[in-house]
Amino acid sequence: MMKISEIDWKWKSGLSVRPKTNYIVLHHAAAIACSPYQIDSWHKANGWSGIGYHYFVRKDGSIYRGRPEWATGAHASGKNHESIGVCAEGNYDVEYIMPDSQKDAIKELLRYLKLKYPNTTVKGHKHVGTTGCPGKYYPLSEMMEFYRNVIANESEELNVTQYEELKKEINTLKSRVGYFNYIDDNMNEAYKPTIEKLVSAGILQGNEKGELMLTTDMMRILTILDRAGVF
Ligand SMILES: [Zn+2]
């Protein structure tokens, strides 16, 4: 189980509610070793209410909550109203390798966020601002790919009810198979193996244009069923 350490922050001024959540923005602290308390004091010195990130992950893998998740952060100018900020301890402009403990903890946190906010995408701070953050050696593409491949409704184990419900849904789907996308770059990588398998087994057939006529929800259900060994 992921553990988030809570700190009783003293905010200098009131926090505002973030109106929407479209992005998870990844940062590094640009400091080889630092605590969440230091970040808070640095951000207060900027004139901010307090620590601007929503999460801070240390090299040992411990995860701290900064701003409450509902609040607007102070970490990515222009995107704060629509993003959650996740900062890693370290300076990944000069440190070549992120420790596995930290990398695994960030992934665990990302999985948790994807399940809560399935329609978000991960960006590096440098993708949304003029900065080198999170540093050229931060495993940014690895994190982005990991996030894309988390299936929003993924369950580690299906219980009997879920399984029966999914089977019912799949029968409804079978009678509707015939729109959607081709198997192309737009298809979520996480769904491709299942869809390709079902196409080659003749379970899924495209229309005369080769379109598969599946929605994202359908692909997700098919993938979950596939992982549960249904096909
Ligand atoms: Zn940053």
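Please read all numbers here as calculations on a predicted model, not as lab measurements.

Colleague: Can you explain the packing of aromatic side chains? Please cite residues and give values.
Modeller: This structure, assessed with the given rule, holds four aromatic pairs. Through successive ring pairs, a cluster of aromatic residues spans Trp-9, Trp-11 and Tyr-37. Its guanidinium or amino end placed over the ring of Tyr-147, Lys-114 lies 5.0 Å from that ring's centre, counting from NZ or CZ.

Colleague: Describe a nonpolar patch on the surface, with residues and values.
Modeller: A contiguous nonpolar patch, built from Tyr-96, Ile-97 and Tyr-137 and spanning about 380 Å² of accessible area, is present on the exposed surface. Topologically, Ile-97 is positioned in the loop between β5 (83–88) and α2 (100–116). Using a relative accessible area of 68% as the deciding quantity, one classes Ile-97 as exposed.

Colleague: Help me get a handle on helix α7 (residues 216–227), residues and values and all.
Modeller: Along its twelve residues, α7 runs 16 Å from first to last C-alpha, staying within 8% of the 16 Å computed at 1.5 Å per residue. Of all twelve residues in α7, nine are buried; the element is thus mostly enclosed. By the burial criterion, the buried members of α7 are Met-218, Met-219, Arg-220, Ile-221, Leu-222, Thr-223, Ile-224, Leu-225 and Asp-226. Among the residues trailing α7, Gly-229 stands out with phi positive, at a value near 85 degrees.

Colleague: Lay out the pairing of β5 with the relevant residues and their values.
Modeller: Within β5, six of the six residues are buried, leaving the element largely enclosed by the surrounding structure. Burial of β5 is two-sided: the residues Ser-83, Gly-85 and Cys-87 facing one way and the residues Ile-84, Val-86 and Ala-88 facing the other way are all buried. The pairing of strand β2 (residues 23–28) with β5 spans six bridges and is classified as parallel. Bridging from a neighbouring strand, Ile-24 pairs with Ile-84 of β5. Of the pairings in the sheet, the one linking strand β3 (residues 55–57) to β5 comprises three bridges and is parallel in character.

Colleague: Tell me about the pairing of β2, residues and numbers included.
Modeller: Of all the six residues making up β2, six are buried; the element is thus mostly covered by neighbouring parts of the structure. Alternating residues of β2 divide into Tyr-23, Val-25 and His-27 and Ile-24, Leu-26 and His-28, and every residue in both groups is buried. Judged from the four bridges that link them, β2 and strand β6 (residues 121–124) form a sheet pairing that is parallel. Across the sheet, residue Val-25 finds its bridge partner in β6, namely Lys-123.

Colleague: Quick rundown of unusual backbone geometry? Include the residues and the values.
Modeller: Residues Cys-133 and Pro-134 are joined by a peptide bond in cis, for which omega reads 10 degrees. Along the polypeptide, Pro-134 turns up in the loop between α3 (125–128) and α4 (140–149). Even without being glycine, Ala-30 reaches a positive phi, approximately 60 degrees. Mapping Ala-30 onto the fold places it in the loop between β2 and α1 (36–45). The class for Ala-30 is partly exposed, based on a relative accessible area of 47%.

Colleague: Which residues make up the sheet that holds β5, and what values go with them?
Modeller: What the six strands build is an open sheet, ordered β1-β4-β3-β5-β2-β6; its pairing is mixed. Since the sheet does not close on itself, it has two edges, and those belong to β1 (4–5) and β6, each with one partner. Each of β1, β2, β3, β4 (63–65), β5 and β6 is contacted by α2, which is oriented at about 155 degrees to β3, the strand it contacts most. Across the sheet, α4 lies against β2 and β6, angled at about 170 degrees from β6, the strand it touches most.

About the cut-offs
- Residues numbered from 1 in each chain as written.
- Predicted model: local features only at pLDDT ≥ 70, side-chain atom pairs only at ≥ 80, totals over all residues.
- Heavy atoms only, no water.
- Phe/Tyr/Trp six-rings, centres within 6.5 Å; stacked < 30°, edge-to-face > 60°.
- Lys NZ or Arg CZ within 6 Å of the ring centre and 35° of its normal.
- Patch = residues over 30% accessible without salt bridge, like charges linked within 9 Å, V, L, I, M, F, W, Y side chains within 5 Å.
- Areas by Shrake-Rupley, 256 points an atom, 1.4 Å probe, with all protein chains shown as cover.
- Salt bridge = Lys/Arg side-chain N within 4 Å of Asp/Glu carboxyl O.
- Helix = DSSP H or I, 4+ residues; strand = E, 2+ residues; numbered from the N terminus.
- Buried < 20%, exposed > 50% of the residue type's maximum accessible area, 1.4 Å probe, protein only.
- Expected span 1.5 Å × (residues − 1).
- Pairing = 2+ DSSP bridges.
- Contact = heavy atoms within 4.5 Å.
- Axes fitted to C-alpha atoms, helices over the stretch in contact; angles between N-to-C directions.

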